[in-house]
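So the chains spell out like this:
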Amino acid sequence: MDNGRATGVGFLKSSKVRNAEEAIGQSEGLLTVLRLTQADIKPAEDALQIAKGFFDSNQFAKAFHAAKKAESLAITLDERFGGYQKAAKALQSRIDSMRRLGLRTEELETLLARAEKKVLSGIWDSGAFVPNYLEARVLVERAEQEGRAFQERAEQASNAIFLAELAIESLGEMKGPADPEMFADGAASELGESLHEATRQLALGDAEGATTVAKDIEANATRLKELYLDSTKSLDATEAQITYLRGEGVLTNGAEADLKSAREMLDKGLIEATSAVAIRIQGELEVIGNSYRKATTGIADAEILYGRLQREGFHSYEAEVALRDAKRSVREGNYARAVEYLERALHAFARRTNAREALGRAIEETRKRAQFLRGSGLSFLPDIQEVLTRAEREFQNGNFLGSSEDLRIATVLLDQVFRAPTGKK
């Protein structure tokens, strides 16, 4: 029975020895393979040496567990190193790609160097001091993501700058200017400066700012092209308008000089300034044309009206002077001043017309007062009637001054009658 127990103990011991040997051998084989990689497996090697020490001291169970720990640690270190190495290569590839685009990579390079230091700083893990691949991997992965995002923004900015450059070239190649080189220099000089600013911002790492500036450049270049075409059409229309007005006899010397100046400005590439001048000239020509028509037709109508009033006995020195000055202003091309003089003449007509109407109403009212006294036996009523008749005749003949004097006499006589106590004198 004791022999059987001894045999069982011997079998168990030999089994532990065999398991420990197999574990140590398996771990040693794995480490041999991993030594061919760049992974730092020294912690696993140390654990394997501890396992061998346990084995030599016949602590086979501890030797087995130490060997398994060495194996597990080696596998873990290899996996962590693989993940870190992959992330580090991706970051280095991102740095190389950004360099080819001329982008700044100092920050990413600094982060990569910091990650390498993080690996060497190590960390305690399950009782072993191992390379800190985990935190280093997180660091480089975040750096690669930031670099990728920046590169994408930078590529967008680069594309926007390229499109802006094409838009500037298209603007400078517009057909029509007498001197294309001078036009391109004037039209695109400010946009070119903005393009340099966009490029500078991109070089400094401000991809968003560079994109914004580049898109603004493209939009402005497109707007200036459209404005150039509109300005050209506007100047042509203005020239036609000047020709039409001159055909009507309107003096447009100032507008012609402004038109010539505007065309010279457009040839120099001053598109926005030309557009503003063209709009102003058109507005001025419209005012000139309206003033001319108002002045000429108004003078003609005023002369007809004044002729009729003259036939009725109306004469006004003020109206004659105003009409004469209005005609002189038309000859001088000062149509707005002509309209002012015309309005003075019309006011004189109006005042005279109002006075005539007031005189006519006064004669009519006085006639009614005189008719009220018929049959009253008033001895000088015939004299009053005679004066009123003379006032009416003078009014009809246009002698408003004489009519007014006679009316005043008749009014004085009637007032004396109505103020008398008996109504008779």
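Rules used throughout
Residues numbered from 1 in each chain as written. Predicted model: local features only at pLDDT ≥ 70, side-chain atom pairs only at ≥ 80, totals over all residues. Heavy atoms only, no water. Helix = DSSP H or I, 4+ residues; strand = E, 2+ residues; numbered from the N terminus. Buried < 20%, exposed > 50% of the residue type's maximum accessible area, 1.4 Å probe, protein only. Contact = heavy atoms within 4.5 Å. Core = buried A, V, L, I, M, F, W, Y, C linked by side-chain atoms within 4.5 Å. Phe/Tyr/Trp six-rings, centres within 6.5 Å; stacked < 30°, edge-to-face > 60°. Axes fitted to C-alpha atoms, helices over the stretch in contact; angles between N-to-C directions. Parallel < 35°, antiparallel > 145°, perpendicular 65-115°, else oblique. Left-handed = near helix turned anticlockwise from the far one by under 90°. Nonpolar A, V, L, I, M, F, W, Y, C, P; charged D, E, K, R; others polar. Expected span 1.5 Å × (residues − 1). Arc of directions from axis to C-beta. Patch = residues over 30% accessible without salt bridge, like charges linked within 9 Å, V, L, I, M, F, W, Y side chains within 5 Å. Areas by Shrake-Rupley, 256 points an atom, 1.4 Å probe, with all protein chains shown as cover. Salt bridge = Lys/Arg side-chain N within 4 Å of Asp/Glu carboxyl O. pLDDT = per-residue confidence, 0-100.

Examining the overall build of the chain
Tallying secondary structure elements over the chain gives 13 helices and 2 strands in all. Relative to its full complement of 425 residues, the chain shows a buried share of 38%. The long-range fraction of contacts in the chain, counting pairs at least 24 apart against all pairs at least 6 apart in sequence, stands at 68%.

Focus: the side chain of Q151
Mapping Q151 onto the fold places it in helix α5 (residues 133-172). Excluding its chain neighbours within four sequence positions, the residues that come into contact with Q151 are R94, S97, M98, L101 and L103.

Brief notes about the environment of E286
For E286, the location among the structural elements is in helix α9 (residues 271-311). Along the sequence, E286 and Q241 sit 45 residues apart, while their C-alpha atoms lie 9.0 Å from each other.

Things to note about the nonpolar core
In terms of nonpolar packing, the biggest core is built from 77 residues, with Y84, L202 and I271 touching the most fellow members. With 14 residues, α5 is the single largest residue contributor to this core. In this view, Y84 contacts A115, E116, V119, Y133, A136, R137 and V140; residues no more than four positions away in its chain are not counted. In this structure, I363, A370, I384 and L407 belong to the second largest nonpolar core, which totals 10 residues.

A short note on the packing of aromatic side chains
Inspection of the entire model under this criterion finds 2 aromatic pairs. When the ring of Y292 is compared with that of Y335, the centres are 5.1 Å apart and the planes differ by 80°; the resulting orientation is edge-to-face. Of this pair, Y292 sits in helix α9 while Y335 sits in helix α11 (residues 335-372), and the two are 43 residues apart along the sequence.

Brief notes about the environment of G102
In this structure, G102 sits in the loop between α3 (60-100) and α4 (106-121). Among the residues examined, G102 registers a relative accessible area of 51% and is labelled exposed. Residues G102 and L202, 100 residues apart in the sequence, show an inter-C-alpha distance of 9.5 Å.

Some words on the packing of helix α8 (residues 253-267) against α9
Taken N-terminus to C-terminus, the directions of α8 and α9 make an angle of 165°; their axes are 9 Å apart at the nearest point. The angle between α8 and α9 places the two elements in the roughly antiparallel class. Our pair here, α8 against α9, has a crossing hand that is left-handed. Along its contact with α8, which presents A255, D258, L259, A262, M265 and L266, the element α9 presents I271, A273, T274, V277, R280, I281, E284 and L285. Tallied by class, residues from the contact of α8 with α9 come to 10 nonpolar, 1 polar and 3 charged.

Observations regarding α8
In an α-helix, one turn spans 3.6 residues; hence positions three or four apart end up facing the same way. In a regular helix each residue adds 1.5 Å, so 15 residues correspond to 21 Å; α8 covers 22 Å between its end C-alpha atoms and thus fits that length. Turning to α8, its buried residues are A255, L259, A262, M265 and L266. For α8, the arc enclosing every buried residue in end-on projection is 120°, short of the 170-degree limit, so these residues lie on one face. Turned more than 90 degrees off the buried face of α8, the exposed positions are N253 and K260. Structurally, α8 contributes buried residues whose contacts are with α6 (180-203), α7 (207-247) and α9.

With respect to a nonpolar patch on the surface
A contiguous nonpolar patch, built from F162, L163 and L166 and spanning about 270 Å² of accessible area, is present on the exposed surface. Tracing the chain through its elements places F162 in helix α5.

Some points on the side chain of R94
Counting through the fold element by element, R94 comes out in helix α3. Once residues within four sequence positions are removed from consideration, R94 is found in contact with E144, G147, R148 and Q151.

What to know about the confidence of the model for the chain
For the chain, mean pLDDT is 78; residues scoring 70 or higher make up 76% of the total. Averaged over each element, pLDDT in the chain is lowest for helix α1 (residues 2-34) (58) and highest for α7 (89). A low-confidence stretch, residues 1-12 (pLDDT under 50), is modelled with 0 contacts involving residues beyond four sequence positions or located in other chains.

Examining the pattern of salt bridges
Scanning the model with the defined rule gives 19 salt bridges in all. A salt bridge links R153 to E208, with the nearest nitrogen and oxygen atoms 2.8 Å apart. Here R153 is found in helix α5, whereas its partner E208 is found in helix α7, with 55 residues between them in sequence. A relative accessible area of 31% means that R153 is categorised as partly exposed. The partly exposed category is assigned to E208, whose relative accessible area is 43%. R328 is the salt-bridge partner of D325, the closest N and O atoms lying 2.7 Å from each other. With D325 and R328 both in helix α10 (residues 317-332) and 3 residues apart, the pair spans about one turn of that helix. Relative accessible area serves as the criterion here: at 12%, D325 is assigned to the buried category. Among the residues examined, R328 registers a relative accessible area of 32% and is labelled partly exposed. One continuous salt-bridge network, built from bridges that share partners, spans R94, E144 and R148.

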